[in-house]
Structures are given as C-alpha cells and as structure tokens.
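# Residue-level structural notes
Listed below are the residues making up each chain.
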Amino acid sequence: MGELSARNFGLVIAYLIPGFIAVVAVAGVVPTIAAWLAAAPQGQPTIGGFLYATLASLAAGLVISSVRWGAIDTIHHRTGVRQPVWDFSRLQSNLSAYSLLVDFHYRYYQFNANTFVALAFAYLVRLVGGCGLCDGPGWVDVGF
C-alpha cells in the first residue's frame, strides 16, 4: 500500500466518511451490519468486519453521491449556480491544474454535501425506529 496522498485523502472524505455515516445508521436496523462494526469477543476487530464495513461504506458513499448529484446539485443549478460550459479539447493541456482544483476544492464540497445527505438518511432511519442508542424525540431532533 502506498502513502495517503492528497488524491486518496480527497476520495476518503468525499465517499468513505459519508458512506460510513449511512452504514452506522443502518447498523441500528440490520444486526449483520452491526456485527461488522463490533469488536470480536477478544476485544480485537476482525479483518472480515473491517473489510465488509469498508466496502459497504464505499458503496453507500457512491450511492449517497449519486443522490447528492440528483438532488443538491440540481437545486444549485435551479437557484442560479450555473454549470460551467466545458471545452474538453483544452483539458489535456490543463489536466494537472484541473486535477489540483478538484482535489483542493471539489472534494470538500462533495464531503459536505454527501455528509448532509448521509445525515438526512440517518435521521430518516432514526425516525422509523432504527436508532438503538436513542429513546424518543430529543436533542438529536432539535439538532437536525
């Protein structure tokens, strides 16, 4: 495995962390997923649980990103934030600058918007009774 670069870090914050929020929310409803997040009886996490939780978080993060693109980005475009007109013929000469902009700015937007979608999903799971740590309405509802 290589070191954690700016590109890898951007992907982790854009997809994996919001996906993990959704996985933790679903763990309150699905005991199998809760077992992935739990430690083994000896107190050590298992490799299988780590792998399953990581893959599930990545998959959930990609789904959340699709929902974000369909909902939040559409709202942005309808409220005046214009989508840029791309000239892909000029991309090759500016590829490194474009990649740098994506890594330094767009990944953080993806994290914030994807986390918002993941938290909304987690709140909906909580409303249907999937929160094992919560008992009834309270500060979580006020905070959301």
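First, a word on scope: everything that follows refers to the structure included in this document.

Cut-offs and rules
Residues numbered from 1 in each chain as written. Predicted model: local features only at pLDDT ≥ 70, side-chain atom pairs only at ≥ 80, totals over all residues. Heavy atoms only, no water. Helix = DSSP H or I, 4+ residues; strand = E, 2+ residues; numbered from the N terminus. Buried < 20%, exposed > 50% of the residue type's maximum accessible area, 1.4 Å probe, protein only. Contact = heavy atoms within 4.5 Å. Areas by Shrake-Rupley, 256 points an atom, 1.4 Å probe, with all protein chains shown as cover. Axes fitted to C-alpha atoms, helices over the stretch in contact; angles between N-to-C directions. Parallel < 35°, antiparallel > 145°, perpendicular 65-115°, else oblique. Phe/Tyr/Trp six-rings, centres within 6.5 Å; stacked < 30°, edge-to-face > 60°.

## Re the overall build of the protein chain
The number of helices and strands found in the protein chain is 5 helices and 0 strands. Moving toward the C terminus, one meets the helices and strands of the protein chain in the order α-α-α-α-α. Looking at the 144 residues of the protein chain, the share that counts as buried comes to 26%. Considering only residue pairs separated by 6 or more positions, the protein chain has 71% of its internal contacts joining residues 24 or more positions apart. If you sum the accessible surface of the protein chain, you get close to 10200 Å²; carbon and sulfur atoms cover 69% of it.

## Observations regarding the packing of helix α3 (residues 47-78) against helix α4 (residues 95-127)
Put simply, α3 and α4 touch, their axes get as near as 9 Å, and they point 100 degrees apart. Between α3 and α4, the crossing angle belongs to the class labelled roughly perpendicular. Contacts between α3 and α4 pair Ile-64, Ser-65, Val-67, Arg-68, Ile-72, Asp-73 and His-76 from the former with Tyr-106, Tyr-109, Gln-110, Ala-113, Asn-114, Phe-116, Val-117 and Ala-118 from the latter.

## Quick word on the packing of aromatic side chains
For the structure on display, the rule yields 2 aromatic pairs. Where Trp-36 meets Tyr-52, the ring centres are 5.2 Å apart and the plane angle is 35 degrees; that geometry is what we call tilted. Residue Trp-36 is found in helix α2 (residues 31-37), and its partner Tyr-52 is found in helix α3; the two are separated by 16 residues along the sequence. For the ring pair Tyr-106 and Tyr-109, a centre distance of 5.8 Å and an interplane angle of 35 degrees mean the geometry is tilted. In this pair, Tyr-106 and Tyr-109 both sit in helix α4, 3 residues apart, roughly one turn of the helix. For Tyr-109, a relative accessible area of 26% puts it in the partly exposed group.

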